[in-house]
Structure formats: structure tokens, C-alpha cells
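One letter stands for each residue in the lines below.
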Amino acid sequence: MPPLATPPARALPQRESTLFKEVLHHYEDRQLKKGLKAAETILKKFPNHGETLCMKGLILTHMGRRDEGFDLVKQGVRFDLTSHICWHVFGLVQKGQKNYDEALKSYTQALRFDKENMNILRDAAHLQTQLRHYDQLVETRHTLLRLRPQLRQNWIALAVAYHLNGNRTESKNVLEQFGRIVKNVPDYDVELSEVLLYHIRLLEDLGEYKEALALLDTNAKSRVIIDRVAIMEFRARLSSKLQSEDAQQAWQGLIEQNADCYDYYKGYLSNRGIDLDALTDETRAQALQTLRQFVEQFTRAAAPQRLALAVAVGDEFKELLEPYLRTRLAKGIPSLFTDLKALYRDPSKRDSIESVAHALLDSLAHAPDAPCPSNIDPTMYIWTLYFLAQHHSHLGRHEKALLLLDTAIVHTPTLPELYLFRGRVLKRAGDPYGAARWVDQARLLDLQDRFLNARCGKYRLRAGLVKEAEEVFGLFTKKDAPSPSQDLEDMQSLLYLTEDADAHRRNGDYAMALKRYIAIQKIFDDFEDDQFDFHGYSMRKFTVNIYLNLLKWEDNLRSHPAYVHAAIEASRILLRLYDDPSIATKASSQSHLSDADKKAKKRAKKAEKKVQEEAKKASSTSTNEDKGLEAVPPKDEDPDGMKLFQSPEPLERAAKLLKPLSTLAKDNVHAWTAIYDVAVRRKKYLQALQALQQAHALDPASPDLHVRLIDFAQRWKVLNDKVAEKAATVLSSSLAKFISEDVPLERFNSQYLQTHSTRGDSILSAAKASQLLGAPREEVEAAVFNVLNADVGLELETAIAVDAFLAEIQSPRVDEFRAAAKEKFPLSTVFSPHAELPALRKSAIQLAVAEVNAEKEEVIS
Amino acid sequence: MNIRLVRVDDLLGMQACNLQNLPENYTLRYYMYHALTWPQLSYVAEEDGKIVGYILAKMDGREEDVPDDDEAHGHVTSISVLRSYRRLGLAKRLMLQSQEAMATVYKASYVSLHVRKSNRAALGLYRDTLGFTVRDIEKGYYADGEDAYAMRLSLKDLAR
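Residues numbered from 1 in each chain as written. Chains lettered and ligands numbered in written order. Predicted model: local features only at pLDDT ≥ 70, side-chain atom pairs only at ≥ 80, totals over all residues. Heavy atoms only, no water.

**What about the packing of aromatic side chains?**
Item 1. Scanning the entire structure with this criterion turns up 28 aromatic pairs over all chains.
Item 2. Ring centres 5.0 Å apart and planes at 5° place the aromatic pair Tyr100(A) and Phe532(A) in the stacked group. Pair noted here: Tyr100(A) is in helix α6 (residues 100-113) and Phe532(A) is in the loop between α29 (510-530) and α30 (534-541), with a separation of 432 residues, a long-range link. By the burial criterion, Tyr100(A) is buried, and Phe532(A) matches it.
Item 3. With centroids separated by 5.3 Å and ring planes inclined at 85°, the aromatic side chains of Phe473(A) and Tyr496(A) adopt a geometry described as edge-to-face. With a gap of 23 residues between them, Phe473(A) in helix α26 (residues 466-473) and Tyr496(A) in helix α28 (residues 494-507) connect regions that are remote in the sequence.
Item 4. Lying across the ring of Trp438(A), Arg422(A) places its NZ or CZ 4.1 Å from the centre.
Item 5. The ring centre of Tyr142(B) lies 4.3 Å from the NZ or CZ of Arg116(B), which sits over that ring. (Phe/Tyr/Trp six-rings, centres within 6.5 Å; stacked < 30°, edge-to-face > 60°. Helix = DSSP H or I, 4+ residues; strand = E, 2+ residues; numbered from the N terminus. Buried < 20%, exposed > 50% of the residue type's maximum accessible area, 1.4 Å probe, protein only. Lys NZ or Arg CZ within 6 Å of the ring centre and 35° of its normal.)

**What to know about the interface of chain B and chain A**
Item 1. Each side of the interface is counted separately: chain B has 45 residues, and chain A has 53 residues.
Item 2. Both sides together, the interface formed by chain B and chain A hides about 4,600 Å², and carbon and sulfur atoms give 54% of it.
Item 3. On the chain B side of the contact with chain A, Leu36(B), Arg83(B) and Arg87(B) bury the most area, a combined 17% of that side's loss.
Item 4. Linking chain B to chain A there are 24 residue pairs in polar contact (both at pLDDT 80 or more).
Item 5. For the side of chain B that touches chain A, the secondary structure elements donating two or more residues are β1 (2-5), α1 (11-21), α2 (28-37), β2 (43-47) and α3 (90-106) of chain B.
Item 6. Ranked by the residues each element gives to the side of chain B that touches chain A, the list is headed by α2(B), at seven residues.
Item 7. Classifying every residue of the side of chain B that touches chain A by side-chain character gives 21 nonpolar, 11 polar and 13 charged. (Contact = heavy atoms within 4.5 Å. Buried area = accessible area lost by both parts, 1.4 Å probe. Polar contact = N/O pair within 3.5 Å; in protein donor to acceptor, adjacent residues only side chain to side chain. Nonpolar A, V, L, I, M, F, W, Y, C, P; charged D, E, K, R; others polar.)

**Thoughts on the sheet that holds strand β4 (residues 73-81) of chain B**
Residues and elements named next belong to chain B.
Item 1. The strand order β1-β2-β3-β4-β5-β7-β6 describes an open sheet built from seven strands, whose pairing is mixed. A strand with exactly one partner marks an edge of an open sheet, and here the two such strands are β1 and β6 (133-138). Each neighbouring strand pair of the sheet contributes to a mean axis angle of 25°, computed without reference to strand direction.
Item 2. Across five bridges, β6 lies against strand β7 (residues 148-154) in antiparallel orientation. Paired with Thr133 across the strands is Arg152, a residue of β7.
Item 3. Set on the sheet, α2 makes contact with β3 (50-60) and β4; between it and β3 the angle comes to about 65°. (Pairing = 2+ DSSP bridges. Axes fitted to C-alpha atoms, helices over the stretch in contact; angles between N-to-C directions.)

**Description of the pattern of salt bridges**
Side chains that carry opposite charge are capable of pairing whenever their charged atoms lie near each other.
Item 1. Evaluation of the coordinates by the stated rule reveals 63 salt bridges over all chains.
Item 2. In this structure, the salt-bridge partner of Lys105(A) is Glu102(A), at a minimum N-O distance of 3.0 Å. With a gap of three residues between them, Lys105(A) and Glu102(A) both fall in helix α6, about one helical turn apart.
Item 3. What makes Glu102(A) partly exposed here is its relative accessible area of 30%.
Item 4. Here Lys58(B) makes a salt bridge to Asp60(B), at a shortest N to O gap of 3.3 Å.
Item 5. Judged by its relative accessible area of 26%, Asp60(B) is partly exposed. (Salt bridge = Lys/Arg side-chain N within 4 Å of Asp/Glu carboxyl O.)

**Focus on empty space enclosed by the protein**
Item 1. Counted by the stated rule, this structure contains three cavities of 30 Å³ or more.
Item 2. Asp227(A), Arg228(A), Val229(A), Gln257(A), Leu5(B), Gln40(B), Tyr43(B), Gln97(B), Glu100(B), Ala101(B), Thr104(B) and Val105(B) together form the lining of the largest cavity.
Item 3. Those elements that place two or more of their residues in the lining of the largest cavity are α13 (228-241) of chain A together with α3 of chain B.
Item 4. If one sorts the elements of the lining of the largest cavity by residue count, α3(B) sits on top with five residues. (1 Å grid on protein atoms, 1.4 Å probe; cavity = no way out; pocket = protein on both sides within 12 Å on 5 of 7 lines; lining within 4 Å. Points joined across faces, edges and corners; volume = space filled by probe spheres on them.)

**Some thoughts on helix α2 (residues 32-45) of chain A**
Residues and elements named next belong to chain A.
Item 1. If you check α2, its first and last C-alpha atoms are 21 Å apart, about what 14 residues at 1.5 Å a residue would give, namely 20 Å.
Item 2. Taken together, the buried positions of α2 are Leu32, Gly35, Leu36, Ala38, Ala39, Ile42 and Leu43. Along the axis of α2, the buried positions cluster into a sector of 165°, meaning they face one direction only. Structural note: α2 exposes Lys37, Lys44 and Lys45 on the side pointing more than 90 degrees away from its buried face.
Item 3. Residues of α2 that are buried sit in contact with α1 (14-28) and α3 (50-62). (Expected span 1.5 Å × (residues − 1). Arc of directions from axis to C-beta.)

Everything listed is a geometric property; what it means functionally is a separate question.
What follows is the structure in C-alpha cells.
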């Protein structure tokens, strides 16, 4: 007999009750067909039995009939609102949809009706962690521990919950209790070792260094902790913090174990009171002496030698530099320049490097048309040329770099690095087409090397050759993928998606650019979802320390430069759409798909859909195949990005993209200007002004900030929206701190221009501002042309931005500017007349991919 | 050039390094799975915050087809160094650090890996520099159909 509390609609007679138990068993064993059949039998007699409807819906979901299944589950819940089974199933399905908020609500409901259901409690705990509801998590973990105190992971999970909730002390108490009661631990138990390492970390965080060290030593001796590196690192850190005599020995031991780890040297020196980031004359000498000893002791390690270069100055520096350079140039180490680049912050070191390298080159130079003299090492000669080319290009001396590279290439025409770097120099000098061609030559020297292939693809994208780039990437992507782009997107290649997006954007194909930026956003959403399974998994594996690091990383996920860049650029495109919705319809008619292409695509899509539906019908009830709770992402239904481009609410979408940046990218001026642009259009004036304030705090002279200050002041003047009086006062007074109320905006603008008259980007900003203020186009043009003045430090990017600006305001002086810019940047091709563009694009490809493949086939067969 | 244990912050950099160098690629989840299951085994080479080389390693259970093999062994899922950072011995150093951890933490008796038959450079590293031997040829192991050498190195003298 069912318990009295069961509502009459839930209770089933004997036969159906047995059948229902079968449904549950079949589901657990994933015997989906049987489970479905049993459920349908019950429903014939009891069509409104909530629990059965839910189970049927769950089974259908597993069979791939997700929409149908979800509807049934919802129905089932409505028919039995106090059934823990119904709510549990509902939560499961919502979790599968990654709808964690709703799932947790369902689980919470389920727990109301079955407070001690372990499965539900565990799932709830995972959801609470995912959603960062740590106080709830502590409660749930308490309950789980109370119900099953004999399960080790329940103890650890509770400790972790307290830790996450900010209560390290309570966390420590739980671990201490656990330590007292744990029994029968086998030798070399990795899991217990990890638990102890967590406990020690906790003590270190709490500042209880003595206790931490004691716990470490006891358990290291008894071999309960078996991670030697971790033991040594903890010991070194803790001993240092306790200023114990053993500390030096501990750091020494670490260096002996891994002489290539900078952290260990820093730890060793820091323990002796030497801070490598804040050296005094005295500590500098001490540091150097110590490092020299390490160099002697660890002859094969690079770290102490390199650290010595960072520490030494003056003649001592030169003395250490010469052998360092010489051995590495003789060995032919490609990364030598990037290794030393950090030293260039010190101009005297930079100059020393230049003189030493040139002296070496002079000793190696020989006539190009004669064979290399026997006393000269040709390898060293080439790599010295290469190094100096990198050096000079880094300092903006691109012509000189090219000369050096060309000498090297004549001497050794088969070294890909030379061609790669020649391309890089051209890129810096504003010739993306030449750059792409040279990198392509590098690629052709080793077709098996994906690195060279990836560079070639990237450089084609920088030249705006998206189709050609995809072709070359396709040489290394999966052959059974729908397209190279799709494969790279599936494999989460942020580099590819970013470069491709930027290329489309520069080409003016905003729909495709937006599609790629949104793909990046989606990948970051996936990264966020990835942590979910580890909430349970890491507790089972006891790898607590790294699990906590994972959560921290996830909390800061969208601070990653790829996300920040994608969010900012996507928001700019969305703002274009908002400001001028007609570009969506214009783009559609200019879509690169011809009418014939579109018709063909439609037909193909229809055919594919038909095949899919037939397959679905065939497979839906005929197999037991468990498709799980998570839907497979659908094939790309929007190949040219037009659907996405034409979606509504661009402003809201932009706001959503930018939201994480206000905390995670708060030191990025461009993030704040992007936030401003969206906020001001959404009429959130306080938020807009705050964004400007943040930008100002970071860089008061920022050109992007300047034009927006004027923009805001201007909008504020003519505002006819109703703004609350209090807010209005705040806004007015805050704005007055930037622009005094009695100063006309034109004067504010010209004052800014005067202060920053030698900065190209500031001149452009002032010109944009005067355009905002209604100055006639001729005046704006004249202002912008000042970037060409002799006393102005004009960067290539700024010149490109000016060119774009002149095009935007439809200035008749565009070609005049481009000609003048070309003179300023003689190696550039970005300012070449438009008529030359097709030829330039063609020249960027060294050899068509198809021709190379044909060659390859000849060789193999 | 810093050689150190992998951190969660490094995983995206490892993935990027892998995508630039090798055709065998993985989603971030797979990197997380390695780091969160065997946090002591994966190492990275890092310069100025950029991951320029890595080794992604794990432990494997007993091999089903080798009845007498009931020993735990390490396995290298993936190892590579950016082309611009070669000739520094990074791959060797990364491998040595990982092997040491396999032996001391997990008592691994040997470490295994797969390498493309045509990859002479890698073969040289594993066989000549590190002492791996070829155990087997696995036909069509790679997605593009190329055969792999299944290689193995005993760690018996490293275990303590």
C-alpha cells in the first residue's frame, strides 16, 4: 500500500506500480526501448500520471527526441507538483540543456519532497558550485556528510565548500577531524597524498606556517605524501616564510631537481633578502655572485645565465653578454632575440647588445660570391645576420633589417626562418601582401610543418585573403570536416577565429566578422561549462588544489585577451547595425553567395533535412542508442552570417558581450570606451559617464576618450530625455570635472590638440571631435592632414585609421592622403592606389596550392 | 625560458601551441581532464607568459592485450615545442620532468607514446636522446591514415 501522504493521482495499482519500477530500472540500465514501452503501457491506463510522463520524457530525451521529451517532462511536472521524481527529472533535463539556474530550482524543489535523496543532493551540490552559491553548497555538503560519513569524499567536499565560501578556518577543522578518523590507508595512496597537500596549502593560506611545515614533514617522512616536487616546493616556501635556516637548502634542492625553473632561483634569492624586481647596488652584487655560482654548478641550464644578464649592468653586463651571444649564435638558436628582448627596456643594454652583435658580425662577414673561408662558421654567420635583422626591425629600422636578411638568404636560401622573418618585417612596414608571399615561401620549404602552414594562413588573413587562407589551413585540418573553418572552430582555435574575424572586418564583411566573434563568445561559454563535470570528478579523485585553481581560473575566464578583443569588436559591429539598420539589408544583397549559389545551397539543405528526418524516424524507436542528456550542436545553418547579422536587439547583445569586461578587463581603456558607446545609446547616462571616468583614470590623454568626452558633453547639452533630478546633478558635476561648464566644446577640443600636437592619434581624435561638433568637412580634412607634418610621430596604425576616416566622411582628398602616406612609409602597400589592389592580392600567393599538390603527387607516385 | 609544472592558466596556451604544431588536436576539456586527474605529470615551457612548449601526460591502466602486464605505466598524450623555440632541448627537459613524476608519484614502471613513422626528428629525440624503443607498429593509427610506432621506455631505475 502506498503511504497515506501520497496524493491519489500518484498512487498506482499493483500492476502499474511494478511496471513503473521496471521503467526506472530500464532507464538506469539504459534499456531505453524497454523503458519506453513500459512507460507507454502505464500511460494507456493512466495518461496523466505525472511521474510516468516525466520518465517517458527523460527516456525520449536520451533517444534524441529532445523537444518531444522536454514537453512531456514539463507536462508531467504540472500533473504532480509534489513529486520529487518529477522535479528531479526536470532538473536533469534542464542541466543537460546547460540551463543551470533553472535546474537548481528544480533540484531545490525535489529536495523539498525528499530531503535525503543522495543523488539529488549530489547533483544540487554540483549546480550550486557551478552557480557559485557557496553558502547553499556548504549546507548541502553538510547533509551529504551526515548521511554518509564513511565516504571519504564527503569530508573533503565539505572542507572544499567551506573554503569556497570564504571560511578557511572551518575548512581546516573539517580536515583535522578527517585526519583523526581516517583508517586503513594503503601505502603510496595518491589520493590521501593530495588531501594532505590540500590541508597544508590551507594552513599556508591561513598563515599557520609552523603547523603547515610540521604536517608536511611528518607525512613526507612517513611517505604518506608522495609528490616529491610538491613536498620540496612547500618546504622551501614555508621555510622561507618562517625564515628558517633550512630554507636555503630547500631552494637549493629544488634547483638541483629542475635547474630551468626561474621561480626556484627567485625563491632562493628572495630567501637571502634579494628582490630581483627591486635591486639595490648591494643586492645586485650579491645576486650576481650567487648566480655565477649556479652557472658553474649547472652548466647545461640556461636560467642562471639569463638571470645574470638581467641582473648585471655596465661592463659586467657586456662581459657576460659576449659569451652568451656567441655560444647561442654558433648553435643557431632561433629564439635568441625573443630571449633577450626583455633586456631592451634598458637602453644601455640594448646598445651593448647591438655593438657586441655587430662586432661578431664583422668578424664573420665574408664576400658573398666566394666560398666561406675555413676559419668562419657559416652557421654562426647566418644566425648573426638573422639576430641583427630582428634587432633592427624591432627598433623600427626595417630597411636595414631587410638588407641583412637578403644577405643571409643569398648565402643560405633554404632556411625557412629567414623567409618567415622577412615577411614579418614587411608586415610591420605596412606591406601585408609582400609579407604573405615571403611567409608562403617559408612554408614551401617544409610542407610537413604545421607551424609554417599556420603562419602562412595567418599572414594571408592579415592581407585580407580569407579564401586563400582557408585553403592553406585546409592542408592540415581534418579531411572529413565540413570545411577547414569548421574544423578549426570545433577545435576551438581562438587564433584562427580572431584573425579570420579581423580580416572580414577589415574587408567590410561585417556579417562574417560578427559570426566569428560570436563563435569566440560561444567557445568561452563552452569553457565555462567544461568545469561542471569536475565538481564531482575532482572530489572523487581528491585532486583538490588544482580543482580550486580551476574554479579561480573560471571566475576570471573572460579576462582572456581573445574574449576581450572579440567582445569589443563585436560590440562595434553591433553598434554600426544599431546606428544604421540599413547596412543589414545592404549586406544581404551583397552577400558573396550568388543567386545560383544560394539556390543550390537551399536545395542541398532541403535534401539534407529530408535525410535527417528519415534517419530520425528510422532510428528513433528502433535503437537503444543512448544519445545522453546533452544535445549535439547542429550543423552550421548560417554560413554567411546573415541570419545573425539581422538578429534583433543589437544593443542588448552588445551590452551582454561587454558586461564581464567591467570587472575582468578594467585596466583596458578600449573596454571602457566600448562600454561607453553602448551605454550612451541605451540612455544609461550614469553608466556611460562612469565608463569615461574609468578610462580617464587609466589614461587621461587617451584619444579615444577625448572624442567621447565631447560626444557625451554634446549629447548632454541637447538631451530631451527625462533624467531623474538627482542623477542629472551628479552627471553635470561629474562632467564638469572633465570639461568646465563655461568652456565651449570647440575650445576644449583645440586645447587638447595643442597639448598633444605631436601625436598622430590625438590629431585624428581632435579632427573626429570637430566633425562631431559640426565643423565643415574641409576643415576636418585639413585638421587630419596635419598628421603628415614633420614634427608629428605618425604610427602606421594611425595612418591607416586616418585613411579609413577619410573614406568614411567621403572625402575627395583620400587619394591625396594615401599618396603622402606612402611616402612616409616607403615599404608599405596598404596605401597603394586602389587600382593596384588586385595585382597586389595576386602577388601575395607564392604558388597556388593546387599546383603544389600536383607536384607532391608526382613525387609520391 | 621557464620549465615548470602545468597550471590551469596554462591550458589555453598549451592548446594554442598544439594547434600550431600538430594535426592531432583536442578540446580544452581534454586538457582539463589530464591536469585535474594527474596534476603532477604535465609540464610547460614558458617565456614571458607565453607557452612555447608542453608535455601532456597521463597514467594508463593495464594493457588488455598484454596478460602479464599488470603494471601501471605512464603515457605521453602529446608533446610539442613551437618551431621558433627549437634547439633548446626543451622537449627533452619536459619529458625528463614528467617521467620523474610518473615514477615517483605513480610508481610507473614504464612510459609509452605514439609517434608518426615519418617523423624523423621526434624519433631521434625519443630513441636516441631519451632511450625509447619501438614496441610495435600500429597501422593507420593517425586520422590521416599514417602508421605509428608505439614506443616504450622503462622507468625501473627512476622509481624510488
